[in-house]
Amino acid sequence: MNERTVLPVASASKLLLLAEVAHRLDTGELPAGRVVEVLDEDMAEGTGLLRRLSGRGWTVEDLAWLTASVSDNTATNALLRLVGRESTARLAQELGLDHLTLHDKVRDVRGPDVPSVFATGTARDLARLVTHAVRGTMSGPAASARLLRWMRANTDHGLVPALVDHDPYEPGFPERLCDGLLVANKTGTDTGVRADAGVIIGRRRLAYAVVAHWDTALGPSTERAAVHAIRDVGRTLAACAGRRTAD
């Protein structure tokens, strides 16, 4: 496998949806305070909080924070219904992400009449999307910065950042200098899939993406090996980024 291999990437692909939402907020096409009614058809099990909360009306920005921070599947579906998969496909094309595709909404059960997976992509495309955000070229500096702030709120640091000595609550991300390293990322987890895309900031800024895919018939030891391998990548990236100190 290599960075150009197209694989299921699970919720790491939500970065593309969040990039489209950030773009629309930046242009004013979507007001950040617009209230979106969460519909029954948006409800999905798995990660997230919304389906367990009593409220049904949430702002666009609320839904984006929930999608980024806890990978909320219901919030994801509400945002995807709002902007449409076609818009995410256009954005992917504009950014040169040739193989990053949201095929469908998040579903509890996938029957024969719907796409077999939520999303597919390559590690190269995921890393390129994060690179656009880091460089401010995603859809302009404001939208890029907004996506990075959302990514910074991600609560899952169990893959690439797991062995990286960093403070997930360091204020002022990403501009404030601090001792050590800063991390912003988005993970994806599904049966036989682990993915992580983000940026590690030290003396250097390194955008990265790692996607692991394995045959579940090989047993849980294969999953453990995949997770350990991804964590080792994080340790290597941290060494390359280098710690920085405040002036």
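Provided above is the structure to which this section pertains.
Residues numbered from 1 in each chain as written. Predicted model: local features only at pLDDT ≥ 70, side-chain atom pairs only at ≥ 80, totals over all residues. Heavy atoms only, no water.

1. A closer look at the sheet that holds strand 5 (residues 119-121)
And then number 1: An order of 1-5-4 is seen for the 3 strands of this open sheet, with the pairing classed as antiparallel. The sheet terminates laterally at strand 1 (7-8) and strand 4 (101-102), the two strands that pair on one side only.
And then number 2: Note: strand 1 against strand 5, 2 bridges, orientation antiparallel. The residue bridging P8 from the neighbouring strand is T120, located in strand 5. (Pairing = 2+ DSSP bridges. Helix = DSSP H or I, 4+ residues; strand = E, 2+ residues; numbered from the N terminus.)

2. Points about the nonpolar core
And then number 1: Core analysis: the biggest nonpolar cluster contains 57 residues, and L63, L129, L147 and W150 have the highest contact counts within it.
And then number 2: A total of 8 residues in this core trace back to one element, the largest contributor, which is helix 1 (residues 14-27).
And then number 3: Not counting residues up to four positions away in its chain, the partners in contact with L63 are V36, V38, L50, W58, A75, A78 and L79.
And then number 4: Among the nonpolar cores identified, the runner-up in size contains 17 residues, and L159, Y208, W214 and I230 belong to it. (Core = buried A, V, L, I, M, F, W, Y, C linked by side-chain atoms within 4.5 Å. Buried < 20%, exposed > 50% of the residue type's maximum accessible area, 1.4 Å probe, protein only. Contact = heavy atoms within 4.5 Å.)

3. Some details on the side chain of H166
And then number 1: Along the chain, the position of H166 falls in the loop between helix 6 (141-152) and strand 6 (182-190).
And then number 2: Within polar-contact distance, the side chain of H166 engages the side chain of H157 at 2.8 Å.
And then number 3: At a separation of 2.7 Å, a polar atom in the side chain of H166 contacts the main-chain carbonyl oxygen of V164.
And then number 4: Apart from residues lying up to four places away in sequence, H166 is in contact with H157, P161, L181 and V183. (Polar contact = N/O pair within 3.5 Å; in protein donor to acceptor, adjacent residues only side chain to side chain.)

4. Digging into the pattern of salt bridges
And then number 1: Counted according to the given criterion, the structure contains 10 salt bridges.
And then number 2: With a shortest N-O distance of 2.5 Å, R107 and D104 are connected by a salt bridge.
And then number 3: Among the residues examined, D104 registers a relative accessible area of 7% and is labelled buried.
And then number 4: In this structure, a network of salt bridges that share partners links the residues E20, R24 and E29. (Salt bridge = Lys/Arg side-chain N within 4 Å of Asp/Glu carboxyl O.)

5. Comments concerning the sheet that holds strand 6
And then number 1: Pairing is antiparallel across the open sheet formed by 3 strands, whose spatial order is 6-7-8. The sheet terminates laterally at strand 6 and strand 8 (205-213), the two strands that pair on one side only. Ignoring which end each strand starts from, the neighbouring axes of this sheet average 5° apart.
And then number 2: Inspection of the sheet shows strand 6 paired to strand 7 (residues 193-201) by 9 bridges, in the antiparallel sense. By the bridge assignment, N185 is partnered in strand 7 with G198.
And then number 3: Here helix 5 (residues 123-135) sits on the sheet and contacts strand 7 and strand 8; the angle it forms with strand 8, its principal contact strand, is near 155°. (Axes fitted to C-alpha atoms, helices over the stretch in contact; angles between N-to-C directions.)

Keep in mind that these numbers describe shape and distance, not what the molecule does.
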